[in-house]
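Coordinate inspection notes
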Amino acid sequence: MKSFITAIIVFIVMVAGIITHVVYANSVTDRLLEAVSRESITTASGAEQAEQYWTKHKLMIHLGINTSYTDRINSEFATLRSAIENRDSEKAAESAALIKLYISELERVNKLSLENIL
């Protein structure tokens, strides 16, 4: 009986952790999508603010998903920074659109579903 109770407690803790991570990840991706959707993302200060927010939260997001998702966002932020420094507005707009796409994909992956839990 002790084993059963222990197993139930472990299961409840795991489910609570998954739900907490999903809620956290959704709030981060929502705020990041909002920041990336603004026109200011193609300016140095706008890109820096969005990247700082991403850098602050990416480790916690990374704990629940595959590294390829976070690596693509990191890489695209570097490309965006480079495009802004080189004053290449087309490349900056393209990078901003890709970041938005990758964050949307990250949000989809972090949805609470049985498929994502398993």
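As shown above, the structure is provided for reference.
In every chain, residue numbers begin from 1 and rise along the written sequence. Since the coordinates come from a predicted model, pLDDT governs what is reported: local features require at least 70, and pairs of side-chain atoms require 80 or more to be given and counted, while whole-chain, interface and lining totals use all residues. Side-chain descriptors were evaluated using all non-hydrogen atoms of the structure, hydrogens and water having been removed beforehand.

Turning our eyes to something else, we now look at the pattern of salt bridges. A side-chain nitrogen of Lys or Arg and a carboxyl oxygen of Asp or Glu constitute a salt bridge if their distance falls within 4 Å. Enumeration according to the criterion identifies four salt bridges in this entry. Where Glu34 meets Arg38, a salt bridge forms, and the shortest distance between an N and an O atom there is 3.1 Å. Classification of Arg38 as partly exposed rests on a relative accessible area of 42%. With a shortest N-O distance of 3.7 Å, Lys91 and Glu94 are connected by a salt bridge. With Lys91 and Glu94 both in helix α4 (residues 89-109) and three residues apart, this pair spans about one turn of that helix. By relative accessible area, Lys91 is classed as partly exposed at 31%. Using a relative accessible area of 42% as the deciding quantity, one classes Glu94 as partly exposed. The cut-offs for exposure are 20% and 50% of the maximum accessible area for each residue type, with area from a 1.4 Å probe on protein chains only; residues under the lower value are buried, those over the upper are exposed, and the others partly exposed. What counts as a helix is a DSSP run of H or I of at least four residues, what counts as a strand is a run of E of at least two, and both are numbered from the N terminus.

This paragraph deals with the packing of aromatic side chains. Aromatic pairing here means that ring centres of Phe, Tyr or Trp (its six-membered ring) are within 6.5 Å. Orientation follows from the plane angle: under 30 degrees is stacked, over 60 is edge-to-face, and everything else is tilted. Applying the stated criterion across every chain yields a total of zero aromatic pairs. Charge-over-ring contacts are defined here by two conditions on Lys NZ or Arg CZ: a distance within 6 Å of the ring centre and an angle within 35 degrees of the ring normal. Across from the ring centre of Tyr102, 4.8 Å away, lies the NZ or CZ of Arg72, which sits over that ring.

So, about α4. Every helix has an expected span of 1.5 Å times one less than the residues it contains. A rise of 1.5 Å per residue sets the reference length of α4, with its 21 residues, at 30 Å; its end C-alpha atoms lie 30 Å apart and thus fit the reference within 8%. Buried residues of α4: Ala92, Ser95, Ala96, Ile99, Tyr102, Ile103, Leu106, Glu107 and Val109, and no others. For α4, the buried positions fall inside an angular range of 155 degrees around the axis, keeping them on one side. Exposed positions of α4 whose direction lies more than 90 degrees from the buried face are Glu90 and Arg108. Here the arc refers to the directions that run from the helix axis out to each C-beta atom.

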